[in-house]
Amino acid sequence: MNTFMPKAADIQRKWYVVDAEGQVFGRVASQVANVLRGKNKPIYTPNVDTGDYVIIINADKIVMTGKKLDQKIYYHHSGYVGGLKETKYRKLLAEKPEFALRRAVVGMLPKGPLGRQMARKLKVYAGPDYEQTAQKPEKLELVK
């Protein structure tokens, strides 16, 4: 018996739209990362990008549980000595909800060229409108 290895021609990519309104931040991120990797398909292979395209809408209405809004901190560095910056997630979600959600999902993808290829299939929008209506995305129901 031979092991099945999916080729680029074997992969059928779909478009999904996820409404993040009222959903928990981490749950949305982990389930979207699984769809981007292709783990929801029977032809999943770790070293091949078998995932689908995902559009996340209403990212500004996402919910964080517990005290994470005030205790969870986003760090970044300017590159200069003493240039470590920190931002609480309450402020980050208020100003750039798309960035916060994208960063969470991309952090759950593989590192390297394969992960960057998967990350390009993610589109995040703060409001209910999105540009990819021509692709006729299906609504993806996430587990609560």
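The preceding data block contains the structure.
First, a word on scope: everything that follows refers to the structure included in this document. This structure is a prediction, so every number in the text was calculated from the model and none was measured.

## Quick notes on the overall build of the protein
And then number 1: For the protein, the count of helices and strands is five helices and six strands.
And then number 2: Secondary structure elements of the protein occur, N-terminal to C-terminal, as β-α-β-α-β-β-α-α-α-β-β.
And then number 3: Out of the 144 residues in the protein, the part that is buried amounts to 40%.
And then number 4: Relative to all contacts within the protein whose residues are 6 or more apart in sequence, the contacts with residues 24 or more apart total 68%.
And then number 5: On the protein, roughly 9000 Å² of surface is accessible, and the fraction owed to carbon and sulfur atoms is 53%.
And then number 6: Put simply, the protein has 26 plus and 14 minus side-chain charges, and the middle of one group is 7 Å from the middle of the other.

## Thoughts on helix H4 (residues 97-107)
And then number 1: Pro97, Ala100, Leu101, Ala104 and Val105 are the residues of H4 that are buried. Along the long axis of H4, the arc covered by the buried residues comes to 125°, so they all point the same way.
And then number 2: Looking at the buried positions of H4, the neighbouring elements they touch are helix H1 (25-37), strand S2 (53-57), helix H3 (89-95) and strand S5 (122-124).

## Regarding the packing of aromatic side chains
And then number 1: One pass over the structure, following the stated rule, counts three aromatic pairs.
And then number 2: Consider the rings of Trp15 and Tyr53, whose centres lie 4.3 Å apart with planes at 5°: the pair is stacked. Residue Trp15 is located in strand S1 (residues 15-19), and its partner Tyr53 is located in strand S2; the two are separated by 38 residues in the primary sequence.
And then number 3: On the basis of relative accessible area, Trp15 is assigned to the buried category, the value being 17%.
And then number 4: For the ring pair Phe25 and Tyr89, a centre distance of 6.1 Å and an interplane angle of 80° mean the geometry is edge-to-face. Here Phe25 is found in helix H1, whereas its partner Tyr89 is found in helix H3, with 64 residues between them in sequence.
And then number 5: Taking the ring centre of Tyr89 as reference, the NZ or CZ of Lys72 above it sits at 5.3 Å.
And then number 6: Across from the ring centre of Phe99, 5.1 Å away, lies the NZ or CZ of Lys96, which sits over that ring.

## Considerations on the sheet that holds S1
And then number 1: Sheet architecture is open: four strands sit in the order S5-S2-S1-S6, paired in parallel fashion. The outermost strands of the open sheet, each flanked by one partner alone, are S5 and strand S6 (138-139).
And then number 2: As paired strands, S1 and S6 are joined by two bridges and run parallel to one another. Its bridge partner lying in S6, Val17 is registered against Lys139.
And then number 3: Each of S2 and S5 touches H4; the most contacted strand, S5, lies at about 155° to it.

## Some details on the environment of Arg27
And then number 1: In this fold, Arg27 is placed in helix H1.
And then number 2: On the basis of relative accessible area, Arg27 is assigned to the partly exposed category, the value being 45%.
And then number 3: Counting along the chain gives 115 residues from Arg27 to Leu142, while the straight-line C-alpha distance between them is 8.4 Å.
And then number 4: In this structure Arg27 touches Val143 and Lys144, once residues within four positions along its chain are discounted.

Cut-offs applied
Residues numbered from 1 in each chain as written. Predicted model: local features only at pLDDT ≥ 70, side-chain atom pairs only at ≥ 80, totals over all residues. Heavy atoms only, no water. Helix = DSSP H or I, 4+ residues; strand = E, 2+ residues; numbered from the N terminus. Buried < 20%, exposed > 50% of the residue type's maximum accessible area, 1.4 Å probe, protein only. Contact = heavy atoms within 4.5 Å. Areas by Shrake-Rupley, 256 points an atom, 1.4 Å probe, with all protein chains shown as cover. Lys, Arg positive; Asp, Glu negative; His and termini not counted. Charge placed at Lys NZ, Arg CZ, Asp CG, Glu CD. Arc of directions from axis to C-beta. Phe/Tyr/Trp six-rings, centres within 6.5 Å; stacked < 30°, edge-to-face > 60°. Lys NZ or Arg CZ within 6 Å of the ring centre and 35° of its normal. Pairing = 2+ DSSP bridges. Axes fitted to C-alpha atoms, helices over the stretch in contact; angles between N-to-C directions.

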